[in-house]
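Read off the chains here:
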Amino acid sequence: MLKRQKGYSIATKSVKAKLIRSQFDMQETKDAYNEVVHFYFLLIAENPQGVSIPVQSKVGWRFYELLTASHQFISGFPSPLKRAAIRQAIGAYESWNSTYQKWLHRPKRRSHHKPPVHPRAFRFNPQYDSGMWKEDDGFSIVLKMRVGDSWKWVKHQYQCPAVPAEWTKGSPRIQVQNGSLWLVFPLEKYVPATGGIKGIMSKNAFRTCGIDMDLDKYIVIATVLETNDRGETTELARHSINQSRHVARRKRDLGQIAIKMGQTKIISRGFAKSKWDSITAREIDFSRAVARELVEFARHWKVDVISFEHLGNLRPKQGKFSRRSNQKRAYWLKGKVFEQVKRIAYQDYTILTTRVSPRNTSRLSPWGEPLWRGAKFPASLPEFDSYQPGAALVATADGYKAHSGLNAARNVALKAIKRNLSEAALNLKSLK
């Protein structure tokens, strides 16, 4: 894989390829790999000091490899796969040990809890490091695999999406999933270092994209603000994404599940599994589609920073099953869109993503004035003594009028700007 270079960061992602069977079963290789992982896990449990030995030549996996150099159980097992199994076993032991330490220091009220036990079996997918594969041309690959009682080189064909030239492929991982075989290749590429958000916002001029996901009206709104070195900020563009069809379909499916639960009186785990799987798959696909659309919008307007609200403590309200479940998935979708935007924007276009406090983003105008909020603009605005969270329109006594989501997106972008340029002020004329 790539080595670190000055002035560059390394972006990572993975690509999944369908491995076409060649009359050979990869399950034998997976079973043999997990037997070796189990063997080393038990060895590490007896000799945990090897995990953190300070001697560089014998640290971690190297200590246990030397300890079992002449052991009969692993004789003939390929060295690259053995080393991957040792690293996997170390990770599994550290995971178990952290849980065990928490149990040791548990509160007295939980003294009756039993200690965590060692895993009885493992089902890890084998990691094919260098020496376990060769002759990868993008369409076929030769893998060393277990065939009967011996290890043989077997050529496989695979179907993989095109990998851009700037991405470097690493050693794959084999996945045996529902009777199908998959190759998962890690990808890396060099990305010019940006100097962080402070470095970007110290330029003479920069652009910020503020994004508000309105969960009440099912719409995502983005706005692009440009700021110069004097703090003068103007609005350049707006974009909205309607998610009403997606939400309506989710509500319909959740309603059907609720009806079936009421009819059968079954609420146990696994009920209506196909429906739940369908909802989950659609949520993931929709989050990627929304994220890609937002990133492409930001790229088109040459945005430097994308800003979201930090809403990590959202909890669905008490109520009917279908309504509560819909809110729960809407909140999950909001977080997933942020994660996808952050990943795609940086990997593809070196655009940074940040989050700001949601305080008063919907209650105040971009100039800090209290807002009237309602479903329809009145002829004369009343006193600002009422706040309607579900309303779509906002206004001030000075004549500022906007959609509530657009106003929130402007505030989100301005908060990101004011972190490093406190004198920034939005130009009212640019909003017309």
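One structure accompanies this document, and this report is about it. (Residues numbered from 1 in each chain as written. Predicted model: local features only at pLDDT ≥ 70, side-chain atom pairs only at ≥ 80, totals over all residues. Heavy atoms only, no water.)

Turning to helix H5 (residues 244-264), a few remarks are in order. Taking 1.5 Å per residue as the helical rise, H5 with its 21 residues ought to reach 30 Å, and the 30 Å between its terminal C-alpha atoms agrees with that figure. Inspection of H5 places His246, Val247, Arg250, Asp253, Leu254, Ile257 and Met261 among the buried residues, and these make up the whole buried set. For H5, the arc enclosing every buried residue in end-on projection is 130°, short of the 170-degree limit, so these residues lie on one face. Pointing more than 90 degrees away from the buried face of H5 are the exposed residues Arg245, Ile259 and Gln263. Tucked into the core, H5 has its buried residues touching helix H6 (273-300) and helix H7 (321-349). Positive phi shows up at lysine 265, right after H5, with a value of about 60°. (Helix = DSSP H or I, 4+ residues; strand = E, 2+ residues; numbered from the N terminus. Expected span 1.5 Å × (residues − 1). Buried < 20%, exposed > 50% of the residue type's maximum accessible area, 1.4 Å probe, protein only. Arc of directions from axis to C-beta. Contact = heavy atoms within 4.5 Å.)

Let us look at the packing of helix H1 (residues 27-46) against helix H3 (residues 79-104). Two elements in contact, H1 and H3, have axes whose closest approach is 8 Å; the angle formed by their N-to-C orientations is 50°. Taken together, the axes of H1 and H3 lie oblique to each other. Crossing hand, H1 versus H3: right-handed. Here Tyr33, Val36, Val37, Tyr40, Phe41, Ile44 and Ala45 of H1 come into contact with H3, specifically with Leu81, Lys82, Ala84, Ala85, Ile86, Gln88, Ala89, Ile90, Ala92, Tyr93 and Trp96. Tallied by class, residues from the contact of H1 with H3 come to 16 nonpolar, one polar and one charged. (Axes fitted to C-alpha atoms, helices over the stretch in contact; angles between N-to-C directions. Parallel < 35°, antiparallel > 145°, perpendicular 65-115°, else oblique. Left-handed = near helix turned anticlockwise from the far one by under 90°. Nonpolar A, V, L, I, M, F, W, Y, C, P; charged D, E, K, R; others polar.)

Turning to the packing of aromatic side chains, a few remarks are in order. Across all of its chains, the model carries 15 aromatic pairs by this definition. Arranged with centres 5.8 Å apart and planes meeting at 25°, the rings of tyrosine 100 and tryptophan 103 form a pair that is stacked. You can see tyrosine 100 and its partner tryptophan 103 sitting in helix H3, three residues apart, about one turn around the helix. You can call tyrosine 100 partly exposed: its relative accessible area is 25%. An aromatic cluster of three or more residues is present, and its members are Phe41, Tyr93, Trp96, Tyr100, Trp103, Phe122 and Phe124. Directly above the ring of tryptophan 103 sits arginine 106, whose terminal nitrogen or CZ lies 4.1 Å from the centroid. In this structure, lysine 169 is placed above the aromatic ring of phenylalanine 185, and the distance from its NZ or CZ to the ring centre is 4.1 Å. (Phe/Tyr/Trp six-rings, centres within 6.5 Å; stacked < 30°, edge-to-face > 60°. Lys NZ or Arg CZ within 6 Å of the ring centre and 35° of its normal.)

The subject of this paragraph is the nonpolar core. Among the nonpolar cores identified, the biggest contains 46 residues, and Met26, Tyr40, Tyr64, Tyr128, Leu143 and Leu183 are the most heavily contacted of them. At the level of secondary structure, the elements contributing two or more residues to this core comprise strand S1 (8-20), H1, helix H2 (61-67), H3, strand S3 (140-147), strand S4 (150-159), strand S6 (173-177) and strand S7 (180-192). Judged by nonpolar contacts, the second largest core, of 25 residues, contains Met213, Val220, Val295 and Ile344. (Core = buried A, V, L, I, M, F, W, Y, C linked by side-chain atoms within 4.5 Å.)

Let us look at the pairing of strand S9 (residues 219-228). Of all 10 residues in S9, nine are buried; the element is thus mostly enclosed. In this sheet, S9 lies alongside strand S8 (residues 205-214) in antiparallel orientation, the contact comprising 10 bridges. In the sheet register, phenylalanine 206 faces S9, and the bridge partner there is threonine 227. Pairing analysis gives nine bridges linking S9 to strand S10 (residues 232-242), with the strands arranged antiparallel. Bridge assignment links threonine 227 to a residue of S10, and that residue is threonine 233. Connecting S9 to the next strand, S10, in antiparallel fashion are three residues, including glycine 231 with a positive phi near 90°. (Pairing = 2+ DSSP bridges.)

We now examine the side chain of serine 307. Mapped onto the secondary structure, serine 307 falls in strand S11 (residues 305-309). Polar contacts involving the side chain of serine 307 include one to the main-chain carbonyl oxygen of valine 412, which spans 3.1 Å. If near-sequence neighbours (up to four positions away) are discounted, serine 307 is found in contact with Thr208, Cys209, Gly210, Ile211, Thr354, Val356, Val412, Ala413 and Ala416. (Polar contact = N/O pair within 3.5 Å; in protein donor to acceptor, adjacent residues only side chain to side chain.)

This part takes up H7. Spanning 29 residues, H7 covers 41 Å between terminal C-alpha atoms, matching the ideal 42 Å at 1.5 Å per step. Phi for threonine 350, located one or two positions after H7, is positive at around 55°.

What follows concerns the pattern of salt bridges. If you walk through the whole model with that rule in mind, you get 20 salt bridges. Lysine 203 is the partner of aspartate 304 in a salt bridge, and the nearest nitrogen-oxygen pair spans 3.3 Å. With a gap of 101 residues between them, aspartate 304 in the loop between H6 and S11 and lysine 203 in the loop between helix H4 (196-200) and S8 connect regions that are remote in the sequence. Relative accessible area serves as the criterion here: at 17%, aspartate 304 is assigned to the buried category. Overall, the relative accessible area of 38% leaves lysine 203 in the partly exposed class. In this structure, lysine 273 engages aspartate 277 in a salt bridge whose closest nitrogen and oxygen atoms are separated by 2.7 Å. Taken as a pair, lysine 273 and aspartate 277 lie in helix H6 at a separation of four residues, close to a single helical turn. (Salt bridge = Lys/Arg side-chain N within 4 Å of Asp/Glu carboxyl O.)

Another point: unusual backbone geometry. What you tend to see is this: most non-glycine residues have negative phi, and most peptide bonds are trans. In this structure, alanine 272 is a non-glycine residue whose phi angle is positive, near 55°. Locating alanine 272 in the fold gives a position in the loop between H5 and H6. A positive phi is found at threonine 350, a non-glycine position, where the angle reads about 55°. With respect to the helices, strands and loops of the structure, threonine 350 is situated in the loop between H7 and strand S12 (352-356).

A few words on the packing of H5 against H7. Relative orientation of the contacting elements H5 and H7 amounts to 140°, with a least axis distance of 9 Å. Between H5 and H7, the interaxial angle falls into the category oblique. Handedness of the H5/H7 crossing: right-handed. Seen from H5, the contacting residues are His246, Val247, Arg250, Lys251, Leu254, Gly255, Ile257, Ala258 and Met261; seen from H7, they are Phe321, Ser322, Ser325, Asn326, Arg329, Ala330 and Leu333. Taken together, the residues of the contact of H5 with H7 break down into eight nonpolar, five polar and three charged.

That's the geometry; what it means functionally is another story.
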